[in-house]
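Here is what each chain is made of, one letter per residue.
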Amino acid sequence: MYPYVEQVIGDKSTLDLYGKYWLDKVLEGFSDYPAGEKILETIRSGQVQVHLLENPSITAVAQYNTQTKYIEMRDATRVSITTLSEELAHAVQHQRFYQSVMNTKYKNYEFEAKAFFDIARAINGEVGLFLLPLGQESEFSGPYYDWMEEIERNKFFTNGDTLKFNKLCKLWIPLDGYGTEYLEGFNPQLLINYFKKP
């Protein structure tokens, strides 16, 4: 009845029928995102477990909890493709690549999850702007846009892109509610593993 939800959610998920209906439509749209299907394939393979939980007490629209492995949503029917896609990326970051070392006080993880979809669009031939509308100064936004254009030309994430990632992550100013500390020497495993040259 809800093919996308049934392929993705874990057995601890607590959604009513309308929540399942809504999120199924969201996931169907997400599967058409550049790299969206890659994320869903990782989850379907069993490498990542995703449990969806409505939690009206949280302040965010949705958030991934590294302790419980739940994606918590204040109201499942208000979750957009953009919001859910980022939380699914966090689940893959945590469970497949970083595990216990993933600490949300560091902005590197949030930056990587957001840049993931811009890079996917760039490789697909469209320079994305996921990170740019967030009130960033030109010191960040100009070099970030240039980086996306370079990835669009190269069609892959290279060793040099790891250096650019870290330089730009230092400059990035997260919104309130995100970690603000920068983790030195960060190796963006999500980006490397999904976008490196075969």
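Here the structure is a predicted model, which means the values were calculated and not measured.

Caption draft 1: Region of interest: the overall build of the protein. Of the regular secondary structure elements, the protein holds eight helices and three strands. The helix and strand sequence of the protein, counted from the amino end, reads α-α-α-β-β-β-α-α-α-α-α. In terms of C-alpha radius of gyration, the protein reaches 16 Å, essentially the compact-globule figure of 16 Å for 198 residues. Per-residue burial over the protein gives 48% buried out of 198 residues. When contacts within the protein are restricted to residue pairs at least 6 apart in sequence, long-range pairs at least 24 apart make up 63% of them. Working note: accessible area of the protein is about 9800 Å², and carbon and sulfur atoms make up 48% of it. Within the protein, the 27 negative side-chain charges are centred at a point lying 5 Å from the centre of the 20 positive side-chain charges.

Caption draft 2: Here's a closer look at the side chain of Lys107. Assignment of secondary structure puts Lys107 in helix H5 (residues 107-123). There is a polar contact of 2.7 Å between the side chain of Lys107 and the backbone oxygen of Trp172.

Caption draft 3: Main features of helix H3 (residues 36-44). The set of residues buried in H3 consists of Gly36, Ile39, Leu40, Thr42 and Ile43. Looking straight down H3, one finds that the buried residues subtend no more than 155 degrees of arc, so they occupy a single side. Buried positions along H3 lie against helix H1 (3-8), helix H2 (17-30), helix H4 (81-98), H5 and helix H8 (189-195). Gly46 sits one or two positions beyond H3 and adopts a positive phi of about 95 degrees.

Caption draft 4: Main features of the environment of Gly125. By secondary structure assignment, the location of Gly125 is in the loop between H5 and helix H6 (138-154). The sequence separation of Gly125 and Ile151 amounts to 26 residues, and the corresponding C-alpha distance is 9.3 Å. In contact with Gly125, not counting residues within four places along its chain, are Glu152 and Lys155.

Caption draft 5: Spatial organisation of the packing of aromatic side chains. Under the defined criterion, the tally for this structure stands at 17 aromatic pairs. On the basis of an interplanar angle of 65 degrees and a centroid distance of 6.3 Å, the ring pair of Phe111 and Tyr144 is categorised as edge-to-face. Residue Phe111 is located in helix H5, and its partner Tyr144 is located in helix H6; the two are separated by 33 residues in the primary sequence. Taken together through their ring pairs, the aromatic side chains of Tyr98, Tyr109, Phe111, Phe140, Tyr144, Trp147, Phe157, Phe165, Trp172 and Phe186 make up a single cluster.

Caption draft 6: Representation of the sheet that holds strand S2 (residues 62-64) within the structure. Spatially, three strands are ordered S1-S3-S2 in an open sheet, and the strand pairing comes out mixed. Only two strands of the sheet have a single neighbouring strand rather than two, namely strand S1 (51-54) and S2. Geometrically, the sheet is characterised by an average inter-axis angle of 20 degrees between neighbouring strands, direction not taken into account. In terms of strand pairing, S2 meets strand S3 (residues 70-73) through three bridges, oriented antiparallel. Within S3, the position partnered with Tyr64 by the bridge is Ile71. Its contacts with the sheet place H4 against S2 and S3, and it is angled at close to 10 degrees to S2.

Caption draft 7: Main features of the pattern of salt bridges. Considering all chains together, one arrives at six salt bridges under this definition. Glu37 is paired through a salt bridge with Arg44; the nearest N and O atoms lie 2.7 Å apart. A relative accessible area of 32% places Arg44 in the partly exposed class.

Caption draft 8: Region of interest: the packing of H3 against H4. Relative to each other, H3 and H4 sit at 50 degrees, their axes nearing to 10 Å. Of the possible angle classes, the one that applies to H3 and H4 is oblique. Handedness of the crossing formed by H3 with H4: left-handed. Residues Ile39, Thr42 and Ile43 of H3 form the contact with H4, whose own contacting residues are Leu88, Ala89, Val92 and Arg96. Grouping the constituent residues of the contact of H3 with H4 by class yields five nonpolar, one polar and one charged.

Analysis parameters
- Residues numbered from 1 in each chain as written.
- Predicted model: local features only at pLDDT ≥ 70, side-chain atom pairs only at ≥ 80, totals over all residues.
- Heavy atoms only, no water.
- Helix = DSSP H or I, 4+ residues; strand = E, 2+ residues; numbered from the N terminus.
- Rg over C-alpha atoms; globule rule 2.2 N^0.38 Å.
- Buried < 20%, exposed > 50% of the residue type's maximum accessible area, 1.4 Å probe, protein only.
- Contact = heavy atoms within 4.5 Å.
- Areas by Shrake-Rupley, 256 points an atom, 1.4 Å probe, with all protein chains shown as cover.
- Lys, Arg positive; Asp, Glu negative; His and termini not counted.
- Charge placed at Lys NZ, Arg CZ, Asp CG, Glu CD.
- Polar contact = N/O pair within 3.5 Å; in protein donor to acceptor, adjacent residues only side chain to side chain.
- Arc of directions from axis to C-beta.
- Phe/Tyr/Trp six-rings, centres within 6.5 Å; stacked < 30°, edge-to-face > 60°.
- Pairing = 2+ DSSP bridges.
- Axes fitted to C-alpha atoms, helices over the stretch in contact; angles between N-to-C directions.
- Salt bridge = Lys/Arg side-chain N within 4 Å of Asp/Glu carboxyl O.
- Parallel < 35°, antiparallel > 145°, perpendicular 65-115°, else oblique.
- Left-handed = near helix turned anticlockwise from the far one by under 90°.
- Nonpolar A, V, L, I, M, F, W, Y, C, P; charged D, E, K, R; others polar.

Function-wise, these values are silent; they only describe arrangement.
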